[in-house]
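In case you want the letters, here they are:
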Amino acid sequence: MTIDSDPVPGTLRAAVLLLRAEAVALGLIAVWLIWSDLTAETTDLISALWVTAFAVGGAVALWALGGALSRRRAGARAPAIVLQLMLLPVGWFMIEGGMGWLGLPLMAFGIGMVALLVSGPTNRALGFGDPAR
C-alpha cells in the first residue's frame, strides 16, 4: 500500500471534476445533435455535421484535459484555460440574445474555472511558482 505524501489540492480536484462534468454535458449535447442530424427532415448537412463534430471534439478535449490535469500534467492547464475563456463570448451573446438567465451563469462558471486553474495550490501542484511555499 502506498500513501500519497503530496495529495492533490482541492482546487485542482475541483477543476478536474468540473472539466469532466463539462465534458459529460457537452457529450449529451453531441448525442442530441447526432439524433437531430439523423431525424431532421431538411438540413444543411455540411453545417450540421460541423456543429456535431465540434461538440464531440469539445467533449473529448474537455475529458482529456481533465485526465491530464488529474495526472498533474502542467501543459494541460493553458488549453483548459482557453476553453473556459471561450465561455465568455458565448455567454455574452446569450445575454445579447435574451438568454441572460443562461449566459450570465455560463460566464461566471468560466471565470470561476479560470480562478481554480490559476490558484496558488493548483500552481504548486502543477509545478509552477515557488515549491517551498
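Higher on the page you've got the structure.
Reference entry: report on the structure contained in this document. Note that residues are indexed from 1 along each chain, following the sequence as it is written. Totals for whole chains, interfaces and linings use every residue, but because this is a predicted model, local features are given only for residues with pLDDT of at least 70 and side-chain atom pairs only at 80 or more, for both listing and counting. Values reported for side chains reflect all heavy atoms of the structure, with hydrogen atoms and water molecules removed beforehand.

Summing up its helical and strand segments, the protein chain has six helices and zero strands in all. Written out in order from the N terminus, the α and β elements of the protein chain read α-α-α-α-α-α. The C-alpha extent of the protein chain, read off along each of the three principal axes, is 60 × 35 × 20 Å. Counting only residues that meet the buried cut, the protein chain has 31% of its 133 residues in that class. The secondary structure listing takes helices from DSSP runs of H or I that are at least 4 residues long and strands from runs of E that are at least 2 residues long, numbered from the N terminus. Here the term buried applies to any residue with accessible area under 20% of the maximum for its type, exposed to any over 50%, and partly exposed to those in between, with areas from a 1.4 Å probe on protein chains only.

Before going further, it helps to spend a moment on the packing of helix α4 (residues 87-96) against helix α5 (residues 100-118). Closest axis-to-axis distance for the α4/α5 pair is 7 Å, and the angle between their directions is 165 degrees. Judged by the inter-axis angle, α4 sits roughly antiparallel to α5. Crossing hand, α4 versus α5: left-handed. Across the interface between the two elements, Leu-87, Leu-88, Val-90, Gly-91, Trp-92, Met-94 and Ile-95 of α4 pack against Gly-100, Leu-102, Gly-103, Leu-104, Leu-106, Met-107, Phe-109, Gly-110 and Ile-111 of α5. Polar here means any residue other than Ala, Val, Leu, Ile, Met, Phe, Trp, Tyr, Cys and Pro, which are nonpolar, and Asp, Glu, Lys and Arg, which are charged; Gly is therefore polar. For the contact of α4 with α5, the per-class residue count stands at twelve nonpolar, four polar and no charged. Structural elements are reduced to axes, namely lines fitted to C-alpha atoms, with helices fitted over the stretch in contact, and the angle between N-to-C directions of any two is expressed from 0 to 180 degrees. Angle categories are assigned with fixed cut-offs, so that under 35 degrees is roughly parallel, over 145 is roughly antiparallel, 65 to 115 is roughly perpendicular, and the rest are oblique. Handedness of a crossing follows from how the near helix is turned relative to the far one, being left-handed for an anticlockwise turn of less than a right angle and right-handed for a clockwise one. Residues are treated as being in contact if the distance between any of their heavy atoms lies within 4.5 Å.

Below, the discussion takes up the packing of helix α3 (residues 77-85) against α4. Here α3 crosses α4 at 5 degrees, and the two axes come no closer than 4 Å. In terms of orientation, α3 and α4 fall into the roughly parallel class. Where α3 approaches α4, its residues Leu-83, Gln-84 and Leu-85 are matched on the opposing element by Leu-87, Leu-88 and Pro-89. Looking at the contact of α3 with α4, its residues break down into five nonpolar, one polar and no charged.

This part is about helix α2 (residues 45-70). Relative to the 38 Å expected for 26 residues at 1.5 Å per residue, α2 spans 37 Å between its end C-alpha atoms, a close match to the ideal helical length. Within α2, burial applies to Ala-48, Thr-52, Ala-55, Gly-58, Ala-59, Leu-62, Leu-65, Gly-66, Gly-67, Ala-68 and Leu-69. Contacts from the buried residues of α2 go to α1 (10-39), α3 and α5. One or two steps after α2, the chain reaches Arg-72, where phi turns positive at roughly 60 degrees. Take the residue count of a helix, subtract one, and multiply by 1.5 Å to get its expected span.

Right, let's get into the nonpolar core. We define a nonpolar core as any set of buried Ala, Val, Leu, Ile, Met, Phe, Trp, Tyr and Cys residues linked to one another through side-chain atoms lying within 4.5 Å. Leu-12, Leu-19, Leu-69, Ala-80 and Leu-117 are the most contacted members of the largest nonpolar core, which has 18 residues in total. The greatest single-element share of this core, amounting to five residues, is contributed by α1. Excluding anything up to four places from it in sequence, Leu-117 contacts Ala-15, Leu-69, Arg-77, Ala-80, Ile-81, Gln-84, Thr-122 and Asn-123.

This part is about a nonpolar patch on the surface. Like-charged residues are merged into a patch within 9 Å and nonpolar side chains (Val, Leu, Ile, Met, Phe, Trp, Tyr) within 5 Å, provided each residue has over 30% relative accessible area and no salt bridge. Reported accessibility uses the Shrake-Rupley method at a 1.4 Å probe radius. Residues are deemed covered only where the shown protein chains occlude them. Note on definitions: salt bridges are taken to be side-chain nitrogens of Lys or Arg within 4 Å of carboxyl oxygens of Asp or Glu. Residues Ile-34, Leu-38, Val-56 and Val-60 make up a contiguous nonpolar surface patch of roughly 370 Å² in combined accessible area. Within the element layout of this structure, Val-60 appears in helix α2.

Now for the packing of aromatic side chains. The aromatic pairing rule takes the rings of Phe, Tyr and Trp, using the six-membered ring of Trp, and pairs them if the centres are within 6.5 Å, calling planes under 30 degrees apart stacked, those over 60 edge-to-face and the rest tilted. Under the definition given, this model contains zero aromatic pairs. Consider the ring centre and the ring normal. A charge sits over the ring if Lys NZ or Arg CZ is within 6 Å of that centre and within 35 degrees of that normal. Above the face of the Trp-63 ring, Arg-20 is positioned so that its terminal group lies 4.1 Å from the ring centre.

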